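Tertiary structure, described
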Amino acid sequence: MRVLTHRDVDRIWFGCGNFGGIGSSPSLRDAGDSEEQAVQLLDHARQVGLRRFDTANTYGGGASETVLGKWLRAQGASFRQTAQIATKVGNLHGCPPGETPLSPTQIARHLDRSLSRLGVERIDLYYIHEFDRVTPLEQTLDAMSRAAEAGKIDRFGISNASLADAQMVRSLVGETLAARFEYVENEYNLLATADAEALIPYCAGHGLRYTAFSPLAGGFLTGKYRFGEPAPPNSRLAHAPEVCAGYFNEQSFAAIDRLRRAAEARRQPMAEAALRFVLDTPGVDGLIIAPRRVEHFAGLGFQTD
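The shown structure was predicted, so the numbers you read here are calculated from the model rather than taken from an experiment. (Residues numbered from 1 in each chain as written. Predicted model: local features only at pLDDT ≥ 70, side-chain atom pairs only at ≥ 80, totals over all residues. Heavy atoms only, no water.)

As a further point, take helix α6 (residues 137–149). Here α6 contains 13 residues, and its C-alpha end-to-end distance of 18 Å stays within 8% of the 18 Å for a straight helix at 1.5 Å per residue. All of the buried residues along α6 are Leu137, Thr140, Leu141, Ala143, Met144, Ser145, Ala147 and Ala148. Buried residues along α6 sit against β3 (84–89), α5 (104–118), β4 (123–128), β5 (153–159), α7 (163–172) and α8 (175–178). Glycine 151 lies just past α6 and shows a positive phi near 80°. (Helix = DSSP H or I, 4+ residues; strand = E, 2+ residues; numbered from the N terminus. Expected span 1.5 Å × (residues − 1). Buried < 20%, exposed > 50% of the residue type's maximum accessible area, 1.4 Å probe, protein only. Contact = heavy atoms within 4.5 Å.)

As structure tokens, then:
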């Protein structure tokens with residue numbers, strides 16, 4: 001059984017998307033982790049060596065940033081100086097009617113709110129969460145450049161992006177933002193490998209750090225779901241079946257069975273084997289995990305006392 005090395009741990013972000021809700025959907029606020037549960041998970045994440053934390057302005061309606069910021073302040077200045085915080089703007093759920101999520105006005109407003117909730121003066125890594133396809137990209141990037149010039153963001157990234165999106169952003173970023181455009185964050189796992197064909201090699205060839213979210217495919221790659229059987233209570237599939245609908249087919253479950261057999265042959269938890277697949281993909285810089293219970297860390301390959 002191969003546990004995660006220190007180098008592996010340095011490539012892993014702790015995802016806070018379940019704090020106060022599951023993701024950005026208002027309908028899933030009651031299904032998220034409470035503040036007490038979130039703090040317990042954050043404490044354990046620090047204990048196993050994680051120091052990168054990924055959130056968004058709309059996760060839990062802002063609760064995720066608030067809980068993370070409160071926890072960070074309790075850790076002391078020395079830890080905060082070594083920790084890295086990524087957050088995002090641009091999800092439709094955070095946008096008032098009649099506005100567009102990535103307009104300069106919305107970016108400025110939500111950035112200040114994120115800074116306040118997180119209790120920091122500068123965001124280490126600020127993402128376009130989703131491209132709204134309405135706001136001219138030049139306006140969005142100009143707003144990001146102004147935020148960087150004001151010292152409110154350090155590095156910049158894009159999420160839920162296509163190859164064309166990455167190419168377009170690189171062609172339009174001005175001098176200020178070009179030096180800060182470092183990250184692309186997309187879904188990538190054993191059941192969703194499309195980015196390996198072109199986007200991941202593109203990122204590797206142009207100095208962009210590709211970070212994979214949902215490396216366990218919403219829990220499918222832990223083996224807890226069975227084809228044709230009801231989802232376990234309180235699971236992501238039970239709460240948000242539409243999010244996982246693309247995985248619920250015979251082809252996916254055949255791949256899951258192959259993963260299960262390979263993991264058993266190596267005496268390795270399926271979740272750890274799924275992470276290993278992502279980490280070992282050429283061009284992948286890192287990944288995001290979002291365990292819901294402390295005991296999940298051991299199943300992912302972390303060394304715990």
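So, on to unusual backbone geometry. In this structure, alanine 217 is a non-glycine residue whose phi angle is positive, near 55°. Of note in this structure, arginine 267 is not a glycine but carries a positive phi near 55°. Tracing the sequence through the fold places arginine 267 in the loop between α12 (250–265) and α13 (270–279).

The next point concerns the nonpolar core. Counting 81 residues, the largest nonpolar core has Phe14, Leu50, Phe53, Ile158 and Phe302 as the members making the most contacts within it. For this core, the element with the highest residue contribution is α13, accounting for seven residues. The contacts of leucine 50, once residues within four sequence positions are left out, are Val9, Ile12, Phe14, Ala45, Phe79, Ile289, Phe297 and Phe302. With six residues, the next largest nonpolar core counts Trp13, Leu125, Tyr127 and Tyr183 among its residues. (Core = buried A, V, L, I, M, F, W, Y, C linked by side-chain atoms within 4.5 Å.)

Turning next to the side chain of threonine 135. Position of threonine 135 among the secondary structure elements: in the loop between β4 and α6. Here aspartate 132 takes part through its side chain, which lies 2.7 Å from a polar atom of the side chain of threonine 135. With residues near it in sequence (within four places) discarded, threonine 135 still touches Thr100, Leu102, Ser103 and Thr140. (Polar contact = N/O pair within 3.5 Å; in protein donor to acceptor, adjacent residues only side chain to side chain.)

Next up on the list: α5. With 15 residues, α5 should reach 21 Å at 1.5 Å per residue; the first-to-last C-alpha distance of 21 Å fits that figure. Within α5 the residues assigned to the buried category are Gln106, Ile107, His110, Leu111, Ser114, Leu115 and Leu118. One side of α5 holds all its buried residues, which, seen down the axis, span an arc of 155°. Here the buried face of α5 lies against α3 (63–75), β3, β4, α6 and β5. The first or second residue beyond α5 is glycine 119, which carries a positive phi of 70°. (Arc of directions from axis to C-beta.)

Right, let's get into the sheet that holds strand β2 (residues 52–54). The eight strands lie next to each other as β1-β2-β3-β4-β5-β6-β7-β8, forming a closed barrel whose pairing is parallel. Strand after strand, the sheet turns through a mean of 30° between neighbouring axes, direction not considered. Across the face of the sheet, α6 comes into contact with β3, β4 and β5 while running at roughly 155° to β5. (Pairing = 2+ DSSP bridges. Axes fitted to C-alpha atoms, helices over the stretch in contact; angles between N-to-C directions.)

Take the packing of aromatic side chains next. Counted under the stated rule, the structure contains 13 aromatic pairs. Consider the rings of phenylalanine 220 and tyrosine 247, whose centres lie 5.5 Å apart with planes at 55°: the pair is tilted. With phenylalanine 220 in the loop between β7 (209–213) and α10 (236–239) and tyrosine 247 in the loop between α11 (241–244) and α12, the pair connects residues that are 27 residues apart, well separated along the chain. No difference in accessibility class separates phenylalanine 220 from tyrosine 247, as the two residues are buried. Centre to centre, the rings of phenylalanine 220 and phenylalanine 253 are 5.8 Å apart; their planes meet at 65°, and the pair counts as edge-to-face. Here phenylalanine 220, found in the loop between β7 and α10, pairs with phenylalanine 253, found in helix α12; they are 33 residues apart in sequence, far enough to count as distant. The same class applies to phenylalanine 220 and to phenylalanine 253, which are both buried. Joined through ring pairs, the aromatic side chains of Phe14, Phe19, Phe53, Trp71, Phe79, Phe297 and Phe302 make up one cluster. (Phe/Tyr/Trp six-rings, centres within 6.5 Å; stacked < 30°, edge-to-face > 60°.)

In this structure, glycine 98 sits in the loop between β3 and α5. What makes glycine 98 exposed here is its relative accessible area of 84%. Spatially, the C-alpha atom of glycine 98 lies 37 Å from that of phenylalanine 220, the residues being 122 residues apart in sequence.

Right, let's get into the environment of proline 136. Considering the arrangement of structural elements, one finds proline 136 in the loop between β4 and α6. In this structure the C-alpha to C-alpha distance between proline 136 and phenylalanine 297, which are 161 residues apart in sequence, comes to 42 Å.

This part takes up the packing of α5 against α6. Relative orientation of the contacting elements α5 and α6 amounts to 35°, with a least axis distance of 9 Å. Handedness of the crossing formed by α5 with α6: right-handed. In contact with Pro104, Ile107 and Leu111 of α5, α6 contributes Gln139, Thr140, Ala143, Met144, Arg146 and Ala147. Split by residue class, the contact of α5 with α6 holds six nonpolar, two polar and one charged. (Left-handed = near helix turned anticlockwise from the far one by under 90°. Nonpolar A, V, L, I, M, F, W, Y, C, P; charged D, E, K, R; others polar.)

All right, on to the pattern of salt bridges then. Per the counting criterion, the structure on display carries 15 salt bridges. Salt-bridge contacts for aspartate 154 lead to arginine 180; the nearest nitrogen and oxygen are separated by 3.7 Å. Here the residue aspartate 154 occupies a position in strand β5, and arginine 180 occupies one in the loop between α8 and β6 (181–187), the gap between them amounting to 26 residues. A residue is classified by how much of its surface remains accessible, and aspartate 154, at 24% relative accessible area, is partly exposed. The partly exposed category is assigned to arginine 180, whose relative accessible area is 23%. Three or more residues joined by partner-sharing salt bridges are found here, namely Asp8, Arg276 and Asp280. (Salt bridge = Lys/Arg side-chain N within 4 Å of Asp/Glu carboxyl O.)

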